[in-house]
Amino acid sequence: MTDNVPEQDPTAAPAAAPVAAASAPQALPQPETDNSAPAPDAEATTPTPLTGRRILVLEDDADSRQALCGLLASWGCAVVEASDLATALALLPRAGTAADPIDALVVDLRLPGADDGMAAIARLREALGSPVPALLVTADAHQAEVQQRATAAGLPLLPKPIAPMKLRAFLQSHLPG
């Protein structure tokens, strides 16, 4: 008995793997398609844009503050900067109006005076009247005590020097679209 096997072209690419012969050819199951389902929303898959977002940066070190503010500005953020809590609080009436809300806080842990960054975030949120997303930054992020305090306060902690993509990921994941 002779099998009905077509001759193969010697110049064609070799078959991937031999398949056991079936008694009758069978069609492969086709995935079901639902043409009534809408295409995914582009905004649902696009990261939150940062352009125009108002970010308050509270950092006492001038060089660190300048670098951080420059990075945020390069992403299109409107940056409100302060070197101490009193200055930051004084800037809020202008920046925290309904027309110009503060969208997020980036605060250094070690600040001059009695308040540290965790207390400063609490005071800024109180003054703003809302739980604005806040990120605590510090060179001491590796210390267990700092990690425990930040966790207890519900604050994400980012080590210095700040990794730009981690900062961007925080802002994009915590700011509403």
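Scope of this entry: the structure provided in the associated data block. (Residues numbered from 1 in each chain as written. Predicted model: local features only at pLDDT ≥ 70, side-chain atom pairs only at ≥ 80, totals over all residues. Heavy atoms only, no water.)

## With respect to the nonpolar core
Ranked by size, the top nonpolar core spans 23 residues in total, and within it Leu56, Leu58, Ile102, Leu105, Val107, Ile121 and Leu124 carry the most contacts. Elements with a contribution of two residues or more to this core: strand S1 (54-58), strand S2 (78-82), helix H3 (85-95), strand S3 (104-108), helix H4 (117-128), strand S4 (134-138) and helix H5 (144-153). Contact partners of leucine 105, with chain neighbours within four places excluded, come to Leu56, Ile121, Leu124, Arg125, Leu128, Val132, Pro133, Ala134 and Leu135. Membership of the second largest hydrophobic core comes to 17 residues, among which are Val57, Leu68, Ala104 and Leu158. (Core = buried A, V, L, I, M, F, W, Y, C linked by side-chain atoms within 4.5 Å. Buried < 20%, exposed > 50% of the residue type's maximum accessible area, 1.4 Å probe, protein only. Helix = DSSP H or I, 4+ residues; strand = E, 2+ residues; numbered from the N terminus. Contact = heavy atoms within 4.5 Å.)

## Regarding the packing of helix H2 (residues 62-74) against helix H6 (residues 164-174)
Describing two packed helices takes the angle between their axes plus the distance from one axis to the other. Where H2 meets H6, the closest approach of the two axes is 12 Å, and the angle between their N-to-C directions is 60°. Comparing their axes, H6 and H2 come out oblique. Like other packed secondary-structure pairs, H2 and H6 cross with a definite hand, here right-handed. Contacts from Leu68, Leu71 and Leu72 in H2 reach Pro164, Leu167 and Leu171 in H6. Of the residues in the contact of H2 with H6, the class split is six nonpolar, no polar and no charged. (Axes fitted to C-alpha atoms, helices over the stretch in contact; angles between N-to-C directions. Parallel < 35°, antiparallel > 145°, perpendicular 65-115°, else oblique. Left-handed = near helix turned anticlockwise from the far one by under 90°. Nonpolar A, V, L, I, M, F, W, Y, C, P; charged D, E, K, R; others polar.)

## Structural notes on the sheet that holds S1
If you trace the five strands from one edge of the open sheet to the other, you get S2-S1-S3-S4-S5, paired in parallel fashion. Each having just a single partner strand, S2 and strand S5 (157-159) make up the two edges of the open sheet. Here the strands of the sheet are splayed against their neighbours by 20° on average, with no regard to which way each runs. Judged from the four bridges that link them, S3 and S4 form a sheet pairing that is parallel. Directly across from valine 106, in S4, lies its bridge partner leucine 135. Its contacts with the sheet put H4 on S1, S3 and S4, and the angle it makes with S3 is roughly 155°. (Pairing = 2+ DSSP bridges.)

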